[in-house]
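For reference, the chains in residue letters:
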Amino acid sequence: MKNNLPALRAEHGWTQAELAARLGVSRQTIIAIETERYDPSLPLAFAIADVFKRPVEAIFFRERGSRK
Amino acid sequence: MEPVEFRLLLRFWLRQFGWWFFAYLLAYAAAMWALLSLEAGPLRTVLVLSPITPGLAMVFATVVAYRRGDEFVQREILIATAMAALVTAVWTLVYAYVEALGFPHVNVGFVHTFGWPVFLWRMVRLMRLREE
């Protein structure tokens, strides 16, 4: 699944560690999500959406034609 | 539960786990030596039982790391555990037939030592995860 987490994080001026601390997860988890190695659970996806004050679908989306 | 910085946690865990694994290998070597070389007695008993403590400590350290980890860390630990179990299972199966061809009969602790390095490798790989 694609995401625009790096862009949103840059927009807010947060490091990966800062975002991780706000979400209560490890920095490795943020790295794994940003590099699309890991798709977060729904609760974590909603927590990310809350932190950025955006709807989930504005942060996570599918590539056109992709089922993932 | 308080969020734990993953790298600190893993470093702590690897330090614990790495030493316990080293201790396990030493204890295993001592146990094999005692089994093959010593007469029955208290020293032989102690040496043969010695791998149990570091072996259980490795399992305990893994459980602690799992409980403290977030969802991604927990998933990675489960994958590493599954891979280690798979390697152990395959090696057990293979050696069972190799042994039938005349290779020496070994303790199950022998195949156990093949699974843990796989687990350790997966954890080191995870710890080295960097931004691309």
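S.K.: I'm lost on the overall build of chain B in this one. Help?
M.R.: For chain B, the count of helices and strands is 5 helices and 0 strands. A buried classification covers 22% of the 132 residues belonging to chain B.

S.K.: Sorry, what's going on with the overall build of chain A here?
M.R.: Helix and strand counts for chain A come out as 5 helices and 2 strands. Tracing chain A from N to C terminus, the helices and strands come up as β-α-α-α-α-α-β. By the compact-globule yardstick of 11 Å for 68 residues, chain A fits well, its C-alpha radius of gyration being 11 Å. Counting across all 68 residues of chain A, residues that qualify as buried make up 22%.

S.K.: What's the story with the nonpolar core in this structure? I'm lost.
M.R.: Taken as a class, soluble globular proteins show a tendency for nonpolar side chains to be buried jointly. Core analysis: the largest hydrophobic core is formed by 28 residues, its most contacted members being Trp20, Phe21 and Met58 of chain B. Within the residue set of this core, elements represented by two or more residues are helix H2 (16-23), helix H3 (27-34) and helix H4 (42-52) of chain A together with helix H1 (6-37), helix H3 (52-68), helix H4 (71-100) and helix H5 (108-127) of chain B. Among the elements that make up this core, the one with the highest residue count is H1 of chain B (6 residues). Residues in contact with Trp20 of chain B, not counting those within four places in the same chain, are Pro54, Ala57, Met58 and Ala61 of chain B.

S.K.: What exactly am I supposed to notice about the packing of H2 of chain A against H3 of chain A here?
M.R.: Packed helix pairs are specified by the crossing angle of their axes together with the interaxial distance, meaning the distance between the axes. Residues and elements named next belong to chain A. Put simply, H2 and H3 touch, their axes get as near as 8 Å, and they point 110 degrees apart. As summarised for this structure, H2 and H3 are arranged roughly perpendicular, according to the angle between their axes. Contact with H2, carried on its side by Gln16, Ala17, Leu19 and Ala20, involves Arg27, Thr29, Ile30 and Ile31 of H3 and no other residues of that element.

S.K.: Please clarify how the confidence of the model for chain A should be interpreted in this entry.
M.R.: Detailed reading of predicted coordinates is not advised where the pLDDT is low. Residues with a pLDDT of 70 or more make up 94% of chain A, whose mean pLDDT is 91. Considering each helix and strand of chain A separately, the mean pLDDT is smallest for H3 of chain A, with a value of 90, and largest for H4 of chain A, with 96.

S.K.: Is there a simple way to explain the confidence of the model for chain B in this structure?
M.R.: Residues and elements named next belong to chain B. Per-residue confidence for chain B averages 81 on the pLDDT scale, and 84% of its residues sit at or above 70. The secondary structure element of chain B with the lowest average pLDDT is H5, at 74, and the one with the highest is helix H2 (residues 42-49), at 93. Across the assembled chains, the prediction reports ipTM 0.85 with pTM 0.75.

S.K.: What's the story with the environment of Val46 of chain B in this structure? I'm lost.
M.R.: One can find Val46 of chain B in helix H2. With 29 residues separating them in the primary sequence, Val46 of chain B and Phe17 of chain B have C-alpha atoms 22 Å apart.

S.K.: Whenever I open this one, the environment of Pro6 of chain A confuses me. Can you help?
M.R.: Here Pro6 of chain A shows up in helix H1 (residues 5-12). For the pair Pro6 of chain A and Thr35 of chain A, spaced 29 residues apart in sequence, the C-alpha to C-alpha distance is 9.2 Å.

S.K.: How should I be thinking about unusual backbone geometry in this particular structure?
M.R.: Of all residues except glycine, most have a negative phi; of all peptide bonds, most are trans. The phi torsion at Glu36 of chain A lies on the positive side, around 60 degrees, for a residue other than glycine. Relative to the elements of secondary structure, Glu36 of chain A occurs in the loop between H3 and H4.

The rules behind the values
Residues numbered from 1 in each chain as written. Chains lettered and ligands numbered in written order. Predicted model: local features only at pLDDT ≥ 70, side-chain atom pairs only at ≥ 80, totals over all residues. Helix = DSSP H or I, 4+ residues; strand = E, 2+ residues; numbered from the N terminus. Buried ≥ 20, exposed ≤ 12 C-beta atoms within 10 Å, placed from the backbone. Rg over C-alpha atoms; globule rule 2.2 N^0.38 Å. Core = buried A, V, L, I, M, F, W, Y, C linked by C-beta atoms within 7 Å. Contact = placed C-beta atoms within 7 Å. Axes fitted to C-alpha atoms, helices over the stretch in contact; angles between N-to-C directions. Parallel < 35°, antiparallel > 145°, perpendicular 65-115°, else oblique. pLDDT = per-residue confidence, 0-100.

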